[in-house]
Amino acid sequence: MREKKGASIWGSSRNHRDAAYKKIGVYRGEVSLTLDTILDVSKSDTVHTFVSDFAKQLNGKKIYALVNNAGCMVERAENAFCYEINFATNTLGMYILTKGFIEEQALGDGSRVVTVTSGGMLSHPLELDDMQWKKAGFDATKAYAKHKRQQVVITGNLITVT
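On a predicted model such as this, the values are computed, not experimentally measured, just so you know.

**Student:** Give me helix α1 (residues 44–58): which residues, what numbers.
**Tutor:** For α1, built from 15 residues, the straight-helix expectation of 21 Å at 1.5 Å per residue is met to within 8% by its first-to-last C-alpha distance of 21 Å. Listed in full, the buried residues belonging to α1 are S44, V47, F50, V51, F54, A55 and L58. For α1, the buried positions fall inside an angular range of 120 degrees around the axis, keeping them on one side. What points out from α1, more than 90 degrees from its buried face, is the exposed set H48, K56 and Q57. Trailing α1 by a residue or two, N59 shows a phi angle of about 50 degrees, which is positive.

Written out as C-alpha cells, the structure is:
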C-alpha cells in the first residue's frame, strides 16, 4: 500500500553473507525493495561517503524511517582509523550515519529514527571517560552494554537538537 505513495525500502549490511535485510518480507509486492547496499559502519570514511551518495540518490525525496540496527560484540581491535572496532560499529558509525542524514536534510518532517538497543544497557550508566577501552581491561559484554547506552543518549540528543 505504501508503494502507491512512492515508498521504497533500502537495506544495507557489512557484507552479503551477514545481510540481516535478507529476512525482510515484502507483503504482496506493495513496496519497492533494494537490497544491494554494502555498508560497514565500523569504517567511518565509508559511512560519510554512503550518506553523501545516498542523499544524492534520494533526489529530493525524504527518508521516512531510519533504523540503526548494526552492532557487534567482538574482541578488542582497532580499525584503520585507530578506533576500537566495537565502539566504531556500535556508537560512532550510527552517530555519523544519523547526524549525516540530518545535515544532508534527508530526514523530513515526521521522519523517524529508530535505534535498536539492548536491555544490557540498563546495567551500565553512561560513562564517557574511556569509550574505547584504552584504560580498563576490555570486556566485550560490558563494552556492548555501554555502547548501547551511548546509542540511546546520542539518538535522543540528535533528534531533540534538530
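There's more to say after this.
**Student:** Could you give me a rundown of unusual backbone geometry, with the residues and numbers involved?
**Tutor:** For C82, which is not glycine, the phi torsion reads 70 degrees and is therefore positive. Along the chain, C82 falls in the loop between β3 (63–68) and α2 (85–103). What makes C82 partly exposed here is its relative accessible area of 46%. The backbone of Q105 shows a phi angle near 55 degrees, a positive value even though the residue is not glycine. Counting through the fold element by element, Q105 comes out in the loop between α2 and β4 (107–115).

**Student:** Mind laying out the nonpolar core, listing which residues take part and the relevant values?
**Tutor:** Residues V47, I63, L97 and F101 are the most contacted members of the largest nonpolar core, which totals 21 residues. Breaking this core down by element, the ones donating at least two residues are α1, β3, α2, β4 and α3 (140–161). With 7 residues, the top contributor of residues to this core is α2. If we skip the residues at most four places from it in the chain, V47 touches L39, D40, V41, G93, I96 and L97.

**Student:** Pulling in residues and values, what's your account of α2?
**Tutor:** Here α2 spans 25 Å end to end across 19 residues, near enough to the 27 Å set by a 1.5 Å rise per residue. The sharpest bend along α2 comes to roughly 40 degrees, located at L92. Taking burial as the measure, the 19 residues of α2 include 16 buried ones, the bulk of the element. After α2 finishes, the residue Q105 shows a positive phi value of roughly 55 degrees.

**Student:** Describe the side chain of N79, listing the residues and the values that go with them.
**Tutor:** For N79, the position within the fold is in the loop between β3 and α2. Since its relative accessible area comes to 12%, N79 is described here as buried. In terms of polar contacts, N79 uses its side chain to reach the backbone carbonyl oxygen of S42, at 2.7 Å. In terms of polar contacts, N79 uses its side chain to reach the backbone amide nitrogen of F81, at 2.8 Å. Once residues within four sequence positions are removed from consideration, N79 is found in contact with S42, I85 and A88.

**Student:** Could you give an account of the environment of R76, naming the residues involved and the relevant values?
**Tutor:** Along the chain, R76 falls in the loop between β3 and α2. By relative accessible area, R76 is classed as partly exposed at 28%. Sequence separation of R76 and Q132 is 56 residues, and the distance between their C-alpha atoms is 9.0 Å. One polar contact links R76 to E78, side chain to side chain, over a distance of 3.4 Å. Here the side chain of R76 touches W133 through a polar contact of 3.1 Å, landing on its backbone oxygen.

Parameters at a glance
- Residues numbered from 1 in each chain as written.
- Predicted model: local features only at pLDDT ≥ 70, side-chain atom pairs only at ≥ 80, totals over all residues.
- Heavy atoms only, no water.
- Helix = DSSP H or I, 4+ residues; strand = E, 2+ residues; numbered from the N terminus.
- Expected span 1.5 Å × (residues − 1).
- Buried < 20%, exposed > 50% of the residue type's maximum accessible area, 1.4 Å probe, protein only.
- Arc of directions from axis to C-beta.
- Core = buried A, V, L, I, M, F, W, Y, C linked by side-chain atoms within 4.5 Å.
- Contact = heavy atoms within 4.5 Å.
- Bend = angle between axes of the 7 residues up to and from the residue.
- Polar contact = N/O pair within 3.5 Å; in protein donor to acceptor, adjacent residues only side chain to side chain.

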